[in-house]
Amino acid sequence: MLAGYYSGVLTAKRWVKKPNNQVAFEKVTVTIDDQGFIVNNARHEFSRISWQSVGNVYETKKFFLFEFTEHQISTLPKRVLTQAEQEELLDIIKRNFSKNVKKFDI
(Lines give C-alpha, C1' and ligand atoms only; values in the text may rest on other atoms or scores of the structure.)
Protein backbone atom coordinates (compact mmCIF):
# COMPACT_ATOMS: atom_id res chain seq x y z
CA MET A 1 0.00 0.00 0.00
CA LEU A 2 2.84 2.37 0.82
CA ALA A 3 4.43 1.63 -2.57
CA GLY A 4 1.16 2.59 -4.27
CA TYR A 5 1.13 5.93 -2.43
CA TYR A 6 4.68 6.80 -3.45
CA SER A 7 4.02 5.67 -7.01
CA GLY A 8 1.18 8.21 -7.21
CA VAL A 9 3.34 10.96 -5.71
CA LEU A 10 6.16 10.27 -8.14
CA THR A 11 3.75 10.23 -11.08
CA ALA A 12 2.34 13.60 -9.98
CA LYS A 13 5.85 15.09 -9.62
CA ARG A 14 6.80 13.91 -13.12
CA TRP A 15 3.57 15.39 -14.53
CA VAL A 16 4.27 18.77 -12.92
CA LYS A 17 7.80 18.92 -14.35
CA LYS A 18 6.76 18.31 -17.97
CA PRO A 19 6.91 21.54 -20.01
CA ASN A 20 3.59 20.79 -21.74
CA ASN A 21 1.79 20.76 -18.38
CA GLN A 22 3.05 24.15 -17.20
CA VAL A 23 -0.05 25.79 -18.65
CA ALA A 24 -1.95 24.41 -15.63
CA PHE A 25 0.01 26.82 -13.42
CA GLU A 26 -0.37 29.97 -15.50
CA LYS A 27 -2.47 32.90 -14.34
CA VAL A 28 -6.03 32.67 -15.65
CA THR A 29 -8.24 35.70 -16.19
CA VAL A 30 -12.04 35.61 -16.13
CA THR A 31 -13.90 38.48 -17.75
CA ILE A 32 -17.62 38.86 -17.05
CA ASP A 33 -19.52 41.26 -19.27
CA ASP A 34 -22.78 41.59 -21.20
CA GLN A 35 -21.74 38.79 -23.58
CA GLY A 36 -21.00 36.32 -20.76
CA PHE A 37 -17.88 34.76 -19.27
CA ILE A 38 -14.51 34.63 -21.02
CA VAL A 39 -11.72 32.54 -19.50
CA ASN A 40 -8.21 33.04 -20.87
CA ASN A 41 -4.52 33.25 -20.06
CA ALA A 42 -1.79 35.30 -21.69
CA ARG A 43 -1.58 32.89 -24.63
CA HIS A 44 -5.16 32.06 -25.61
CA GLU A 45 -8.85 31.94 -24.76
CA PHE A 46 -9.95 28.74 -23.00
CA SER A 47 -13.68 29.18 -22.77
CA ARG A 48 -16.53 31.50 -23.65
CA ILE A 49 -19.83 30.97 -21.81
CA SER A 50 -22.95 32.94 -22.72
CA TRP A 51 -25.53 34.20 -20.23
CA GLN A 52 -28.01 31.74 -21.76
CA SER A 53 -25.88 28.93 -20.25
CA VAL A 54 -26.30 30.27 -16.71
CA GLY A 55 -28.89 28.32 -14.75
CA ASN A 56 -28.71 30.12 -11.40
CA VAL A 57 -26.69 32.79 -9.63
CA TYR A 58 -26.23 32.71 -5.86
CA GLU A 59 -24.77 35.35 -3.57
CA THR A 60 -23.48 34.81 -0.03
CA LYS A 61 -21.54 37.08 2.30
CA LYS A 62 -18.25 35.76 0.91
CA PHE A 63 -18.79 34.79 -2.73
CA PHE A 64 -20.86 34.67 -5.88
CA LEU A 65 -21.70 31.22 -7.25
CA PHE A 66 -22.65 30.65 -10.87
CA GLU A 67 -24.44 27.43 -11.80
CA PHE A 68 -24.23 26.64 -15.49
CA THR A 69 -26.65 24.46 -17.43
CA GLU A 70 -23.78 22.10 -18.30
CA HIS A 71 -23.80 20.94 -14.65
CA GLN A 72 -20.81 23.08 -13.77
CA ILE A 73 -20.41 25.48 -10.89
CA SER A 74 -17.98 28.36 -10.64
CA THR A 75 -17.37 30.52 -7.58
CA LEU A 76 -16.08 34.07 -7.46
CA PRO A 77 -14.80 35.13 -4.02
CA LYS A 78 -15.90 38.64 -3.10
CA ARG A 79 -12.49 39.26 -1.53
CA VAL A 80 -10.97 39.59 -5.01
CA LEU A 81 -13.41 42.38 -5.93
CA THR A 82 -13.68 45.92 -4.65
CA GLN A 83 -17.11 47.10 -3.50
CA ALA A 84 -17.49 49.04 -6.77
CA GLU A 85 -16.63 45.91 -8.79
CA GLN A 86 -19.19 43.87 -6.83
CA GLU A 87 -21.86 46.47 -7.61
CA GLU A 88 -20.84 46.52 -11.29
CA LEU A 89 -21.04 42.72 -11.40
CA LEU A 90 -24.54 42.80 -9.90
CA ASP A 91 -25.55 45.37 -12.55
CA ILE A 92 -24.21 43.10 -15.31
CA ILE A 93 -26.08 40.15 -13.83
CA LYS A 94 -29.34 42.13 -13.61
CA ARG A 95 -29.04 43.22 -17.26
CA ASN A 96 -28.26 39.78 -18.65
CA PHE A 97 -29.70 37.15 -16.34
CA SER A 98 -33.43 36.53 -16.57
CA LYS A 99 -33.82 35.18 -13.01
CA ASN A 100 -33.18 36.81 -9.66
CA VAL A 101 -29.93 36.33 -7.79
CA LYS A 102 -30.58 33.97 -4.88
CA LYS A 103 -29.12 35.42 -1.70
CA PHE A 104 -28.02 33.36 1.27
CA ASP A 105 -26.99 34.76 4.63
CA ILE A 106 -24.06 32.39 5.15
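Worth saying up front: this structure is predicted, and the values here are computed from it rather than measured.

## Digging into the nonpolar core
Logical step 1: Core analysis: the largest hydrophobic core is formed by 16 residues, its most contacted members being I32, F37, W51, F66, L89 and I93.
Logical step 2: Broken down by secondary-structure element, the contributors of at least two residues to this core are β4 (54-59), β5 (63-68) and α2 (83-96).
Logical step 3: Per-element accounting of this core gives the leading share, four residues, to α2.
Logical step 4: Among residues more than four places away in sequence, those in contact with W51 are I32, D33, D34, Q35, G36, F37, I92, I93, N96 and F97.

## Side note on the sheet that holds β4
The strands that make up a sheet are held in pairs by hydrogen bonds between backbone atoms, and each pair lies either parallel or antiparallel.
Logical step 1: The sheet built from four strands is open, its strands ordered β6-β5-β4-β7 with mixed pairing. The strands lining the two open edges of the sheet, one partner per strand, are β6 (72-77) and β7 (102-103).
Logical step 2: The sheet contact formed by β4 and β7 spans two bridges and is parallel. In the strand pairing of β7, E59 is matched with K103.

## Overview of the pattern of salt bridges
Logical step 1: All told, the structure shown has six salt bridges when counted by the stated rule.
Logical step 2: One salt bridge in this structure joins D34 and R95, with 3.0 Å as the shortest N-O distance. Separated by 61 residues along the polypeptide, D34 in the loop between β1 (29-33) and β2 (36-40) and R95 in helix α2 bring together distant segments of the chain.
Logical step 3: Residue R95 is classed as exposed on the basis of its relative accessible area, which comes to 54%.

## Quick notes on the pairing of strand β3 (residues 45-50)
Logical step 1: Two strands pair when backbone bridges link them, and β2 and β3 are joined in this way by five bridges, in the antiparallel orientation. The residue of β3 that forms the bridge with I38 is R48.
Logical step 2: Remark: four residues form the turn of the hairpin made by β2 and β3, two consecutive strands paired antiparallel.

## Looking at the environment of K102
Logical step 1: As for its position among the elements, K102 is in strand β7.
Logical step 2: As for K102 and S53, which are separated by 49 residues in sequence, their C-alpha atoms are 17 Å apart.
Logical step 3: Each residue touching K102, except ones within four places of it in the same chain, is listed here: N56, V57, Y58 and E59.

## Comments concerning the sheet that holds β3
Logical step 1: Ordered in space as β1-β2-β3, the three strands form an open sheet in which the pairing is antiparallel. Edge positions in the open sheet fall to β1 and β3, since each of these has one partner strand only. Across this sheet, the average inter-strand angle for adjacent strands is 10 degrees, counted without regard to direction.
Logical step 2: Both β1 and β2 contribute to a ladder of five bridges, which runs antiparallel. Across the sheet, T31 pairs through a bridge with I38, a residue of β2.

What counts, and at which threshold
- Residues numbered from 1 in each chain as written.
- Predicted model: local features only at pLDDT ≥ 70, side-chain atom pairs only at ≥ 80, totals over all residues.
- Heavy atoms only, no water.
- Core = buried A, V, L, I, M, F, W, Y, C linked by side-chain atoms within 4.5 Å.
- Buried < 20%, exposed > 50% of the residue type's maximum accessible area, 1.4 Å probe, protein only.
- Helix = DSSP H or I, 4+ residues; strand = E, 2+ residues; numbered from the N terminus.
- Contact = heavy atoms within 4.5 Å.
- Pairing = 2+ DSSP bridges.
- Salt bridge = Lys/Arg side-chain N within 4 Å of Asp/Glu carboxyl O.
- Axes fitted to C-alpha atoms, helices over the stretch in contact; angles between N-to-C directions.

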